[in-house]
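These are the residues of each chain, in order.
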Amino acid sequence: MPLSEHEQRMLEQIESALYAEDPKFASTVRGGRLRSATGKRRLQSGVLFVLGLVLLIAGIALPVKPGGFPVISLLGFIVMFGAGVLLLLGGSALSKPGKSGTEAPAGAGRTAKSKQRKGGGFSARMEDRFRRRFEQDG
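For clarity, every value in this text was computed on a predicted model and none was experimentally measured.

Considerations on the overall build of the protein
Looking only at helices and strands, the protein features six helices and zero strands. The helix and strand sequence of the protein, counted from the amino end, reads α-α-α-α-α-α. Taking all 138 residues of the protein together, 14% fall into the buried category. By element, 65% of the accessible surface of the protein is carried by carbon and sulfur atoms, the whole surface being about 10900 Å².

Next comes the structure, spelled out in structure tokens:
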């Protein structure tokens with residue numbers, strides 16, 4: 001169900017306030033670490049996974065086992081694991097921050113840093129934000 005115009009405006013105001021208050025957190029939440037993989041990245045991961053599977057099976061089937069340990073199978077497992085990691089995290093490693101048009105306003109980082117220096121510790125900043133929110137509502 002789509003948002004109404006009023007809800008969209010309120011959401012935009014909340015987003016801009018979040019960027020102004022804490023741009024680092026806002027960019028972390030907005031960007032996310034796990035992104036959907038592109039078709040090319042899926043293909044690369046699939047090929048690596050199949051290669052790892054072949055190495056895993058070949059390591060068990062072949063009589064080459066130095067010290068009685070199937071080293072080729074271990075290598076195959078590592079390749080398969082790497083393919084999974086590539087599939088999950090590959091999208092965010094290639095994309096550069098700021099290209100999606102979700103950057104914070106120009107002066108937002110400066111004001112947030114000056115507030116952090118004045119505020120003391122993390123808990124003090126959180127308490128201050130909590131108080132300000134209730135003062136604005138009331």
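Text resumes after the structure shown.
Digging into the confidence of the model for the protein
Fine structural detail should not be taken from predicted coordinates in areas where pLDDT scores are low. Taken residue by residue, the protein gives an average pLDDT of 75. The fraction at 70 or more is 70%. The spread of mean pLDDT over the elements of the protein runs between helix α5 (residues 108-119), the lowest at 48, and helix α3 (residues 39-61), the highest at 91. Here residues 93-116 is a poorly scored stretch, pLDDT under 50, and it has 19 contacts once near neighbours within four places are set aside; other chains count.

Quick look at the pattern of salt bridges
Opposite charge on two side chains permits them to pair, given that their charged atoms come into close proximity. Throughout the structure, instances matching the rule amount to five salt bridges. Residue E21 pairs with R129 through a salt bridge whose shortest N-O separation is 3.3 Å. Separated by 108 residues along the polypeptide, E21 in helix α1 (residues 5-21) and R129 in helix α6 (residues 122-137) bring together distant segments of the chain. Under the relative-accessibility criterion, R129 is labelled buried at 12%. R132 serves as the salt-bridge partner of D128, at 3.4 Å between the closest nitrogen and oxygen. Note that D128 and R132 are positioned in helix α6 at a spacing of four residues, about one turn of the helix. Here R132 falls in the partly exposed class, since its relative accessible area comes to 29%. Among the ionic contacts, a cluster of salt bridges with common partners joins E21, D22, R129 and R133.

Thresholds applied
- Residues numbered from 1 in each chain as written.
- Predicted model: local features only at pLDDT ≥ 70, side-chain atom pairs only at ≥ 80, totals over all residues.
- Heavy atoms only, no water.
- Helix = DSSP H or I, 4+ residues; strand = E, 2+ residues; numbered from the N terminus.
- Buried < 20%, exposed > 50% of the residue type's maximum accessible area, 1.4 Å probe, protein only.
- Areas by Shrake-Rupley, 256 points an atom, 1.4 Å probe, with all protein chains shown as cover.
- pLDDT = per-residue confidence, 0-100.
- Contact = heavy atoms within 4.5 Å.
- Salt bridge = Lys/Arg side-chain N within 4 Å of Asp/Glu carboxyl O.

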